[in-house]
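Structural description and commentary
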Amino acid sequence: MGTDLHELLRSLRVWDPEVTSLPPFDPTTAPDAPLPLFTTWFAEAVAAGQTEPHTMSLATSDEEGRPDVRIVMLHGADPDGWSFATHVTSTKGAQLAARPCAALAFYWPVLGRQVRVRGPVTAAPSEEGQADLHARSTGALAAALTGRQSEPLDSLDELARASGAAWDRAQEDPDAPVPTWTLYRLRPDEVEFFQGDARRQHVRLVYRRGEGGWARGLLWP
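Just so we're clear, the structure is a prediction, and the values are computed from it rather than from any experiment.

About the thresholds
- Each residue is numbered by its place in its chain's sequence as written, counting from 1.
- Local features in a predicted model are, by the rule used here, given only for residues with pLDDT of at least 70; side-chain atom pairs are given and counted only at 80 or more, and totals for whole chains, interfaces and linings are based on all residues.
- Side-chain numbers here rest on the full set of heavy atoms in the structure, without hydrogens or water.
- Helix and strand definitions follow DSSP, with helices as H or I runs of at least four residues and strands as E runs of at least two, each counted in order from the N terminus.
- Only protein chains enter the accessibility calculation, which uses a 1.4 Å probe; a residue is then buried when its area is under 20% of its type maximum, exposed when over 50%, and partly exposed in between.
- Any two residues whose heavy atoms approach within 4.5 Å at even a single point are treated as in contact.
- The protein chains shown are the only cover counted for residues, whose accessible areas, like all others here, come from Shrake-Rupley with a 1.4 Å probe.
- Here, any two strands with at least 2 DSSP bridges between them count as paired.
- Like-charged residues are merged into a patch within 9 Å and nonpolar side chains (Val, Leu, Ile, Met, Phe, Trp, Tyr) within 5 Å, provided each residue has over 30% relative accessible area and no salt bridge.
- Each salt bridge in this description consists of a side-chain nitrogen of Lys or Arg and a carboxyl oxygen of Asp or Glu lying within 4 Å of one another.
- Angles shown run from 0 to 180 degrees and are taken between the N-to-C directions of axes, each axis being a line fitted to C-alpha atoms and, for helices, limited to the stretch in contact.
- Here roughly perpendicular refers to angles of 65 to 115 degrees, roughly parallel to angles under 35, roughly antiparallel to angles over 145, and oblique to all remaining angles.
- A clockwise turn of the near helix away from the far one marks a right-handed crossing, whereas an anticlockwise turn of less than a right angle marks a left-handed crossing.
- Three classes are used: nonpolar for Ala, Val, Leu, Ile, Met, Phe, Trp, Tyr, Cys and Pro, charged for Asp, Glu, Lys and Arg, and polar for all others, with Gly counted as polar.
- Distance and chemistry together define a polar contact, namely a pair of N or O atoms within 3.5 Å, with one atom able to donate a hydrogen and the other to accept it when in protein, and with adjacent residues in sequence counting only for side-chain atoms on both sides.

Considering the overall build of the chain
From N to C terminus, the chain includes six helices and ten strands. Taken along its principal axes, the extent of the C-alpha atoms in the chain is 60 × 55 × 40 Å. Taking all 221 residues of the chain together, 35% fall into the buried category. In the chain, 64% of the contacts between residues at least 6 apart in sequence involve partners at least 24 apart. Entry remark: accessible area of the chain is about 13,200 Å², with carbon and sulfur atoms responsible for 54%.

As for the pairing of strand 5 (residues 101-108)
Side-chain alternation along strand 5 places A102, L104, F106 and W108 on a buried face and C101, A103, A105 and Y107 on a face that remains uncovered. Relative to strand 5, strand 1 (residues 55-61) is paired through three bridges, and the arrangement is antiparallel. Its bridge partner lying in strand 5, L58 is registered against L104. Across eight bridges, strand 5 lies against strand 6 (residues 113-123) in antiparallel orientation. Bridge pairing in strand 6 places L104 opposite V117.

Digging into a nonpolar patch on the surface
A cluster of nonpolar side chains, namely L5, L8, L9 and L12, defines an oily patch on the protein surface of about 400 Å² accessible area. Positionally, L9 belongs in helix 1 (residues 5-11).

Topic: the packing of helix 5 (residues 138-146) against helix 6 (residues 156-172)
Two numbers describe how helix 5 lies on helix 6: the axes approach to 8 Å, and their chain directions differ by 130°. By the criterion of interaxial angle, the relationship of helix 5 to helix 6 is oblique. Read as a crossing pair, helix 5 and helix 6 show a hand that is right-handed. For the pair helix 5 and helix 6, the contacting residues are T138, G139, L141, A142, L145 and T146 in the first and L159, A162, S163, A166, W167, R169, A170 and Q171 in the second. Counted by class, the contact of helix 5 with helix 6 contains eight nonpolar, five polar and one charged residues.

Description of the side chain of R113
Mapped onto the fold, R113 is located in strand 6. At 2.6 Å, the side chain of R113 and the side chain of E44 are in polar contact. Among the polar contacts listed, one links the side chain of R113 to the side chain of Q195, at a separation of 2.6 Å. In this view, R113 contacts P23, W41, E44, F106, Y107, W108, F194 and Q195; residues no more than four positions away in its chain are not counted.

Some words on the pattern of salt bridges
A pair can form between side chains of opposite charge whenever their charged atoms are brought close. Enumeration over the complete set of coordinates arrives at 14 salt bridges. Note that D62 is salt-bridged to R66, the shortest N-O span being 2.8 Å. For the salt bridge of R66 with E64, the shortest nitrogen-to-oxygen distance reads 3.6 Å. Like R66, the residue E64 is exposed in the burial classification. Through salt bridges that share partners, D62, E64 and R66 make up one connected network.

Some points on the pairing of strand 7 (residues 181-186)
Strand 7 sits mainly inside the fold: six of its six residues count as buried. By the alternation rule, side chains of strand 7 split into W181, L183 and R185 and T182, Y184 and L186, which are all buried. Bridge analysis of strand 4 (residues 81-87) against strand 7 gives six bridges, and the strand direction is antiparallel. Across the sheet, residue A85 finds its bridge partner in strand 7, namely L183. Two strands pair when backbone bridges link them, and strand 6 and strand 7 are joined in this way by three bridges, in the antiparallel orientation.

Okay, here's the thing in structure tokens:
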């Protein structure tokens, strides 16, 4: 028996009060720049038990302007930008080389919050990317050593062999270099904070970077 997708969709709830708390958000108390507010919201998502709060959607576009999106991991956020990593030879890497701008989206449903970040992207120096990789887990290094990200794969057996060899090397040489592994930084020119409200009076606070610094404003939900 098949599943009725539309019936299933109608049965679902958004922000079920049994698992979601919608805290009030007064934008007049927000800091002058977005990074401190992001840090606070991120910490509150962790404290609230949000699963994998450090994962985010990364949107890029190819040479023809066609959009692409996937889930990646946040590697850091500081005055230089929000950072993530991938192989420069991957689809993401090729798209960023062609059009070096991107957008990020975080969604933390336990608090009914979203954060959206847009701006130009640059690649960090190679030594920073390698240091970031080697500070991570053995599994992260093994995945990077497996390589060939986004290339066609003939079979799962081929993947198992390559992955096994990469795990062996990562365990034997935790400082093994991965020349194609690249740390990217998105320097935002716009950051939006969205706080959901049970009566749908959602609060949207947007920061836009100008010549004199950050300007803040509200958006209709």
